[in-house]
Amino acid sequence: MKDKTIDYVLRTTWLTVQKMYNEEASKFDATMAVAFTLLSIDPVDGTPSTALGPKMGMEATSLSRILKTMEVRGLIERKSNPNDGRSVLIHLTEFGRKKRDYSKEKVLTFNEAIKGNICEEKLKSFYEVAELINEMVANKKIYNQNNDK
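Residues numbered from 1 in each chain as written. Predicted model: local features only at pLDDT ≥ 70, side-chain atom pairs only at ≥ 80, totals over all residues. Heavy atoms only, no water.

Attention now goes to the overall build of the chain. Each helix and strand in the chain was counted, giving 6 helices and 3 strands. Taken along its principal axes, the extent of the C-alpha atoms in the chain is 50 × 45 × 25 Å. Buried positions account for 23% of the 149 residues belonging to the chain. For the chain, long-range pairs separated by at least 24 residues make up 46% of all intrachain contacts whose partners lie at least 6 apart in sequence. Each charge sign in the chain was given a centre, from 24 positive and 21 negative side chains, and these centres are 3 Å apart. (Helix = DSSP H or I, 4+ residues; strand = E, 2+ residues; numbered from the N terminus. Buried < 20%, exposed > 50% of the residue type's maximum accessible area, 1.4 Å probe, protein only. Contact = heavy atoms within 4.5 Å. Lys, Arg positive; Asp, Glu negative; His and termini not counted. Charge placed at Lys NZ, Arg CZ, Asp CG, Glu CD.)

The following block contains the structure:
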């Protein structure tokens, strides 16, 4: 893989992981996106709908579609925010909590499998590199937005 670009390795690795999660989720009539959403909702207090998109790194329109599907399937319910009547909290139903627990178990299984096959030093380096890439992109250190026009 040493001749591959960094973005190629990131993209193909993520697509492989995504495919694995979707295959696993399909066994239970779900998708990785639904599982990720379940894991992003606070199981006790709920999560403001406006905070969910940024927390997950998703656009509002994509998230709205997922939330609608989840509501129809009985995984979530929307409740008025008692601290702010203008906003809505997304809460997990009992069924949603069960699916969340299952999703969490799958993520932890993946993590343990990786940790069991990669030494701690390499994992630490992986996290450091990923953090640096995220920071560089977030702080626009790769493409200067003002000079690209």
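Before going further, it helps to examine the nonpolar core. Ranked by internal contacts, the top residues of the largest apolar core, which has 13 residues, are Leu52, Leu67, Met70 and Ile76. Listed by contribution, the elements that provide at least two residues to this core are helix H2 (32–40), helix H3 (49–56), helix H4 (60–72) and strand E3 (84–92). Residue contributions to this core peak at 4 residues, all from H4. With residues up to four places along the chain from it excluded, the contact list for Leu67 reads Thr37, Leu52, Ile76, Arg78 and Ile90. (Core = buried A, V, L, I, M, F, W, Y, C linked by side-chain atoms within 4.5 Å.)

Turning to the packing of aromatic side chains, a few remarks are in order. Using the criterion set out here, one finds 3 aromatic pairs in the structure. Plain terms: the ring middles of Tyr21 and Phe110 are 5.7 Å apart, the flat faces sit at 55° to each other, and that makes the pair tilted. Of this pair, Tyr21 sits in helix H1 (residues 6–26) while Phe110 sits in helix H5 (residues 94–117), and the two are 89 residues apart along the sequence. A relative accessible area of 16% means that Tyr21 is categorised as buried. Judged by its relative accessible area of 24%, Phe110 falls in the partly exposed class. Taken together, a centroid distance of 4.4 Å and an interplanar angle of 55° make the contact between Phe28 and Tyr102 tilted. With Phe28 in the loop between H1 and H2 and Tyr102 in helix H5, this residue pair connects regions lying 74 residues apart in the sequence. (Phe/Tyr/Trp six-rings, centres within 6.5 Å; stacked < 30°, edge-to-face > 60°.)

Turning our attention to the side chain of His91. Structurally, the position occupied by His91 is in strand E3. Ignoring sequence-local partners within four residues, the contact set of His91 consists of Val44, Asp45, Gly46, Leu75, Ile76, Glu77 and Lys79.

This brings us to the environment of Lys122. Along the chain, the position of Lys122 falls in helix H6 (residues 120–138). Taking C-alpha positions, Lys122 is 24 Å from Ala138, a pair spaced 16 residues apart along the chain.

Quick look at H2 now. Met32, Val34, Ala35, Thr37, Leu38 and Ser40 are the residues of H2 that are buried. Next to the buried residues of H2 lie H1, strand E1 (47–48), H3, H4, E3 and H5.

Bringing the packing of H2 against H4 into the picture now. Relative to each other, H2 and H4 sit at 85°, their axes nearing to 10 Å. The angle between H2 and H4 places the two elements in the roughly perpendicular class. Residue-level contacts link Ala33, Val34, Thr37 and Leu38 of H2 to Leu63, Ile66, Leu67 and Met70 of H4. In terms of residue class, the contact of H2 with H4 is built from 7 nonpolar, 1 polar and no charged. (Axes fitted to C-alpha atoms, helices over the stretch in contact; angles between N-to-C directions. Parallel < 35°, antiparallel > 145°, perpendicular 65-115°, else oblique. Nonpolar A, V, L, I, M, F, W, Y, C, P; charged D, E, K, R; others polar.)

The terminal C-alpha atoms of H5, which comprises 24 residues, lie 35 Å apart, in line with the 34 Å expected from a rise of 1.5 Å per residue. Of all the residues in H5, the buried ones are Gly96, Lys99, Arg100, Tyr102 and Ser103. (Expected span 1.5 Å × (residues − 1).)

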